[in-house]
Amino acid sequence: MSHAAILAARSQPVSPDLRLVSRGPTGTRRIGQQMGALLSAGDVLLLDGPLGAGKTCLTQGLAEGLGIPSGTAISSPSFTLVNQYPGRLPLVHADLYRLEHPEELGELGLWEASETGSVVVIEWSSRFPEEMPPDHLALVISPRSARTRELTLHASGPRAKTRLVELVRKLPAARRRQ
């Protein structure tokens, strides 16, 4: 992406957040599945939340929504850093928890994967916020109890804002809390 395109994307109006509530792992996966069904080639989703919040659980649902074959084990790439899965849209799932320097991001090939049609999901993106693309969806998972999670989705950039509008229209109203 050119420098001018990056600056133009960063100057786009900020969309309001969408808040969702999950009452357990099944609900978190269901939200992920509904989101995955709406994502398009090249979309980037940043996931943040404490250890055990449900980031990988949500990604399992995303994989289902992206048409990754059932029975495919979707696991956290904490040690491999990046996992790739073929589906209706390819899924590239990265975990930045163990990276120490922003320069290491370039070696992962995430932006190339996005540019060639994969959906890119990045856990622990908050470790290197300045290195993230300007047009992305950002989802923060916040535990509210042992089972309940609040998921806050924010869009940055025109493409992500379009996805957020689609999600607001498609997600069951019972799951939304604005």
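All values reported here derive from a predicted model rather than from experimental measurement.

Next up on the list: the pairing of strand β4 (residues 91-95). Most of β4 sits inside the fold, with five of its five residues counted as buried. Two elements, strand β3 (residues 82-85) and β4, share four bridges in a ladder whose sense is antiparallel. Across the sheet, residue Tyr85 finds its bridge partner in β4, namely Leu91.

It is worth spelling out the pattern of salt bridges at this point. Should the charged atoms of two oppositely charged side chains come close, the side chains can pair. Using the criterion set out here, one finds four salt bridges in the structure. One salt bridge connects Arg159 with Asp43, and the closest N-O pair in it is separated by 2.5 Å. Of the two residues, Arg159 sits in helix α5 (residues 158-170) while Asp43 sits in the loop between α2 (25-38) and β2 (44-48), which places them 116 residues apart along the sequence. The class of Arg159 is partly exposed, set by a relative accessible area of 32%. The salt bridge partner of Glu166 is Arg163, with a shortest N-O separation of 3.8 Å. You can see Glu166 and its partner Arg163 sitting in helix α5, three residues apart, about one turn around the helix. Given a relative accessible area of 9%, Arg163 falls into the buried group. By sharing partners, the salt bridges in this structure join Asp43, Arg159, Arg163 and Glu166 into a single network.

Okay, the packing of α2 against helix α3 (residues 55-65) next. Look at α2 against α3: their axes get within 6 Å of each other, and the N-to-C directions meet at 40°. The angle between the axes of α2 and α3 places the two elements in the oblique class. In the crossing of α2 with α3, the sense of the turn from one axis to the other is right-handed. Residues Pro25, Thr28, Arg29, Ile31, Gly32, Gln33, Met35, Gly36 and Ala37 of α2 lie in contact with α3, whose contacting residues are Cys57, Leu58, Gln60, Gly61, Leu62, Glu64 and Gly65. When its residues are assigned to classes, the contact of α2 with α3 shows seven nonpolar, seven polar and two charged.

Moving on, we get to the environment of Leu89. Locating Leu89 in the fold gives a position in the loop between β3 and β4. Residues Leu89 and Ser118, 29 residues apart in the sequence, show an inter-C-alpha distance of 6.0 Å.

Moving on: the nonpolar core. Leu45, Leu58, Leu91, Leu137, Leu139 and Leu153 are the most contacted members of the largest nonpolar core, which totals 30 residues. When contributions to this core are tallied by element, the ones reaching two or more residues are β1 (18-22), α2, β2, α3, β5 (119-123), β6 (136-143), β7 (149-156) and α5. Setting aside its immediate chain neighbours within four residues, Leu45 contacts Met35, Leu58, Leu62, Val120, Val121, Ile122, Leu137, Leu139 and Leu153. Counting 17 residues, the second-largest nonpolar core is a separate cluster that includes Val82, Leu105, Leu108 and Ala113.

Reading guide: rules and limits
Residues numbered from 1 in each chain as written. Predicted model: local features only at pLDDT ≥ 70, side-chain atom pairs only at ≥ 80, totals over all residues. Heavy atoms only, no water. Buried < 20%, exposed > 50% of the residue type's maximum accessible area, 1.4 Å probe, protein only. Helix = DSSP H or I, 4+ residues; strand = E, 2+ residues; numbered from the N terminus. Pairing = 2+ DSSP bridges. Salt bridge = Lys/Arg side-chain N within 4 Å of Asp/Glu carboxyl O. Axes fitted to C-alpha atoms, helices over the stretch in contact; angles between N-to-C directions. Parallel < 35°, antiparallel > 145°, perpendicular 65-115°, else oblique. Left-handed = near helix turned anticlockwise from the far one by under 90°. Contact = heavy atoms within 4.5 Å. Nonpolar A, V, L, I, M, F, W, Y, C, P; charged D, E, K, R; others polar. Core = buried A, V, L, I, M, F, W, Y, C linked by side-chain atoms within 4.5 Å.

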